[in-house]
Amino acid sequence: MFNSLKGLLITLVSTMNGLRDPVTRQYPDSGTLGKRQDEPTPVQDRFMGFPALTWDGDVGEPFCTSCMVCIRQCPTQCMSSVMKDNPLHEEGKSSRRKIVDTFEINLNRCILCGICVEVCNFDAIVMTHEHEMSAFNRNSIRVDLPVLLEIGHKFQKETGWIPPTQRAKAQKDGEADAETAATGTDSQ
Ligand code: SF4
Ligand code: SF4
């Protein structure tokens, strides 16, 4: 009898705690049972949502040269792109001889595998935090270049994105400097 009451009390306390400070939530609402908040579902930094294209703010153009590497490697063949001669290269403002002209991803077919990001040599594509893009019709979520750049730019701003090659170079330089300093200290 006593043990049964004890069990009931533990269940009651857990229920009250859960109602006051829930660890789960009613998607897509957030907040507590008493106070609902209309805000996007929070995600972790490492979360992989839909892929999008990045913007090179220093030059004022996309990073993507439409080299087709990601398109060839995509397991679901949901991407397509066309390249063009880069007018900014002709003006001497960009080192990219070719630049993306059109780009499309059929997000209905994307399986969020991240292979496109892995194979891109130009820091041009990222797995963003975008994930709430459900639709009722098959093939209705085909996103074009302006939308991909908008999603990518939003991700860059929100996360303080640094191009991976730039980050790797900075890390390598830092390690080389530390090694030089250590060698200098040893030889004194
Ligand atoms: S995103 Fe990268 S791999 Fe894909 S076409 Fe553009 S530059 Fe090439
Ligand atoms: S995440 Fe995978 S499926 Fe989606 S576009 Fe990239 S390579 Fe294709």
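Residues numbered from 1 in each chain as written. Chains lettered and ligands numbered in written order. Predicted model: local features only at pLDDT ≥ 70, side-chain atom pairs only at ≥ 80, totals over all residues.

K.L.:
Can you break down the overall build of the protein chain residue by residue, with the values?
P.N.:
A count of helices and strands for the protein chain gives 6 helices and 9 strands. Across the 188 residues that make up the protein chain, the buried fraction comes to 18%. For the protein chain, long-range pairs separated by at least 24 residues make up 70% of all intrachain contacts whose partners lie at least 6 apart in sequence. (Helix = DSSP H or I, 4+ residues; strand = E, 2+ residues; numbered from the N terminus. Buried ≥ 20, exposed ≤ 12 C-beta atoms within 10 Å, placed from the backbone. Contact = placed C-beta atoms within 7 Å.)

K.L.:
Can you tell me about the site of ligand 2, naming the residues and giving the values?
P.N.:
In the region of ligand 2, 14 residues are neighbours, and Cys74, Cys110, Cys113, Ile115 and Cys116 sit closest. Considered class by class, the residues forming the shell around ligand 2 number 12 nonpolar, 2 polar and no charged. (Near = placed C-beta within 6 Å. Nonpolar A, V, L, I, M, F, W, Y, C, P; charged D, E, K, R; others polar.)

K.L.:
An account of the pairing of strand E7 (residues 98-106) is requested, with residue identities and associated values reported.
P.N.:
Two elements, strand E6 (residues 79-85) and E7, share 7 bridges in a ladder whose sense is antiparallel. Following the sheet pairing, Asp85 is matched in E7 by Lys98. (Pairing = 2+ DSSP bridges.)

K.L.:
An account of the environment of Ile151 is needed here, citing residue identities and associated values.
P.N.:
Looking at where Ile151 falls in the secondary structure, it is placed in helix H5 (residues 145-159). Given 21 C-beta atoms within 10 Å, Ile151 falls into the buried group. Sequence-wise, Ile151 and Thr128 are 23 residues apart; in three dimensions their C-alpha atoms are separated by 7.5 Å.

K.L.:
Quick rundown of H5? Include the residues and the values.
P.N.:
For H5, spanning 15 residues, the distance from its first C-alpha to its last is 21 Å, which sits close to the expected 21 Å at 1.5 Å a residue. Each element contacted by the buried residues of H5 is listed here: strand E3 (51-53), strand E4 (55-56), strand E5 (61-62), E7, strand E8 (125-127) and strand E9 (142-143). Positive backbone phi, approximately 60°, marks Gly160, located one or two places after H5. (Expected span 1.5 Å × (residues − 1).)

K.L.:
An account of the sheet that holds E9 is requested, with residue identities and associated values reported.
P.N.:
Read from one edge of the open sheet, 3 strands run E6-E7-E9, paired in antiparallel fashion. Edge positions in the sheet fall to E6 and E9, since each has one partner strand and no second. This element, H5, spans E7 and E9 of the sheet and lies at about 90° to E7. (Axes fitted to C-alpha atoms, helices over the stretch in contact; angles between N-to-C directions.)

K.L.:
Hey, could you go over the nonpolar core for me, with residue numbers and the actual values?
P.N.:
Counting 23 residues, the largest nonpolar core has Leu53, Cys64, Ile125 and Leu148 as its most contacted members. Those elements giving two or more residues to this core turn out to be E3, E7, E8 and H5. Among all residues touching Ile125, those that are not within four sequence positions of it are Pro51, Leu53, Thr54, Cys64, Cys70, Cys116, Val117 and Cys120. (Core = buried A, V, L, I, M, F, W, Y, C linked by C-beta atoms within 7 Å.)

K.L.:
Would you mind going over unusual backbone geometry in detail, with residue names and values included?
P.N.:
Phi is positive for Ser66, close to 60°, though the residue is something other than glycine. Relative to the helices and strands, Ser66 is located in the loop between E5 and helix H2 (69-73). Classification of Ser66 as buried rests on a count of 23 C-beta atoms within 10 Å.

K.L.:
Tell me about the environment of Lys93, and name the residues and values.
P.N.:
Its location among the elements puts Lys93 in the loop between helix H3 (87-90) and E7. A tally of 13 C-beta atoms within 10 Å means that Lys93 is categorised as partly exposed. With 34 residues separating them in the primary sequence, Lys93 and Val59 have C-alpha atoms 7.0 Å apart. Sequence-distant contacts of Lys93, that is, excluding residues within four places in its chain, are made with Val59 and Leu88.

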